[in-house]
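Residues per chain are reported as follows:
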Amino acid sequence: MNSYDVVLIGGGAAGLSAALVLARARRRVLVVDSGTPRNAPAAHMQGFLSRDGMPPEDLLAAGRKEVRGYGGTIITGAVKNLVRCREGGFQVLLDDGDRFSARRLLVATGLRDELPDVPGLRDRWVRDVLHCPYCHGWEVRDQPLGVIWNDPETARYAQIVRQCTHDVVLFAPTDTLTPTTQRGQLVARAIGVVEGPIARVPVEDDHLTGVQMADGRVIPRTALFVPPRFVPNNDLLSGLGCQIGEHGWVVTGAIGVTSVAGVWVAGNVTNPRAQVITAAGEGSAAAIAINADVVDEDVRNAVRDHSQHGFLP
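Calculation rules
Residues numbered from 1 in each chain as written. Predicted model: local features only at pLDDT ≥ 70, side-chain atom pairs only at ≥ 80, totals over all residues. Heavy atoms only, no water. Core = buried A, V, L, I, M, F, W, Y, C linked by side-chain atoms within 4.5 Å. Buried < 20%, exposed > 50% of the residue type's maximum accessible area, 1.4 Å probe, protein only. Helix = DSSP H or I, 4+ residues; strand = E, 2+ residues; numbered from the N terminus. Contact = heavy atoms within 4.5 Å. Pairing = 2+ DSSP bridges. Axes fitted to C-alpha atoms, helices over the stretch in contact; angles between N-to-C directions. Salt bridge = Lys/Arg side-chain N within 4 Å of Asp/Glu carboxyl O.

> Before we move on, could you go through the nonpolar core and cite the residues and values that matter?
Val-6, Leu-8, Leu-22, Val-29, Leu-106, Trp-264 and Ile-290 are the most contacted members of the largest nonpolar core, which totals 25 residues. Elements represented by at least two residues in this core include exactly β1 (2–9), α1 (13–24), β2 (29–33), α2 (56–69) and α7 (276–308). Ignoring sequence-local partners within four residues, the contact set of Val-6 consists of Leu-22, Arg-28, Val-29, Leu-30, Arg-104, Leu-106 and Ile-290.

> If you had to explain unusual backbone geometry to someone new, which residues and values would you point to?
We note that Arg-26 has phi near 70°; this positive angle belongs to a residue other than glycine. Within the secondary structure, Arg-26 is located in the loop between α1 and β2. In this structure Arg-26 comes out as exposed when scored by relative accessible area, which is 77%. The phi dihedral of Ile-255 is positive, around 55°, even though this residue is not glycine. Looking at the secondary structure, you find Ile-255 in the loop between α6 (235–240) and β19 (263–265). For Ile-255, a relative accessible area of 47% puts it in the partly exposed group.

> Describe the sheet that holds strand β17 (residues 223–225), listing the residues and the values that go with them.
Reading across from one edge, β8-β17-β9-β10-β11 is the order of the 5 strands in this open sheet, with parallel pairing throughout. Whereas interior strands pair on both sides, the edge strands pair on one side only; in this sheet they are β8 (129–130) and β11 (192–195). Examined bridge by bridge, β8 and β17 share 2 bridges and lie parallel to one another. Across the sheet, the residue bridging to Leu-130 is Phe-225, located in β17. Across the sheet, helix α4 (residues 154–161) is in contact with β8, β9 (145–148), β10 (168–172) and β17; its angle to β9 comes to roughly 160°.

> Quick rundown of the pattern of salt bridges? Include the residues and the values.
In the structure shown here, the tally under the stated rule is 15 salt bridges. The partner of Arg-103 in a salt bridge is Asp-5, and the shortest N-O contact between them spans 3.2 Å. Linking Arg-103 in strand β6 (residues 99–107) with Asp-5 in strand β1, this pair joins segments that are 98 residues apart in sequence. Note that Arg-104 and Glu-297 form a salt bridge whose closest N and O atoms lie 3.3 Å from each other. In this pair, Arg-104 sits in strand β6 while Glu-297 sits in helix α7, placing the two residues 193 residues apart along the sequence. Judged by relative accessible area, which is 19%, Glu-297 ranks as buried. When salt bridges that share partners are traced, they join Asp-5, Arg-27, Arg-103, Arg-104, Asp-293, Glu-297 and Asp-298 into one network.

> Would you mind going over the side chain of Asp-5 in detail, with residue names and values included?
Given the relative accessible area of 14%, Asp-5 is considered buried. The residues contacting Asp-5, other than those within four sequence positions of it, are Arg-27, Arg-28, Ala-102, Arg-103 and Arg-104.

In structure tokens form, the structure reads like this:
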């Protein structure tokens, strides 16, 4: 069984950033990545200083090269189970039967997006059906945009999309908007409202063309924004016994430490609003905390061994 100081589960921006810091600190690190990044459908990532517009796969390729350049190990695989060892540390079991031991764990498994049940919506995800005005708003600026209702915060979300263009339509279920506050605010900023059930999202020549309502109306739009429901990929964390909050997010202390000693988290698995640059920063910060924790253990072990050999007064 191969032993590592830290096993990092998830090889996105958070996991690779942490691995880079730890490898440079001369820790033996292993990154286990499933190879299914959440932003895989996106052609470019935005808002990352010095990397704006870079394809996500290029960033990950560069990160993997850097980590390996400092001696880090990266493998493709799915972690099946995490087990705390009685003598300390953890065992990491992969689907293919491989097993690794780790003194510490960083889980950066991200999240998944749950969209409204509208035919055609998922097929256009991160192409012309978008979730983040800060990530994609500039690219569709000044176009006729739509916002599809997904929760009570959608009206507020539409106000942020309004910064991108003067032509925004909010698609909402009938009698959902509060008449004085939400509707009044939408009217004040010239945001249109179309109420009723949506039948589908029509597409022509591989481009979204609008929103078709159940009554047959088609409202032309060139792109849609949807605030998805974020669901953390936290099965491994809950299986370890990490405390999970009422909304499914792992409870953390400073710098991503969980309720289970020796386990940290970073990125979207704990922070649904983390963009790529945010996730990378969280990974870096967690790595520094992890290394400091391992140093403390190294000191305790050294003092114990020294004492056992009779060198201390």
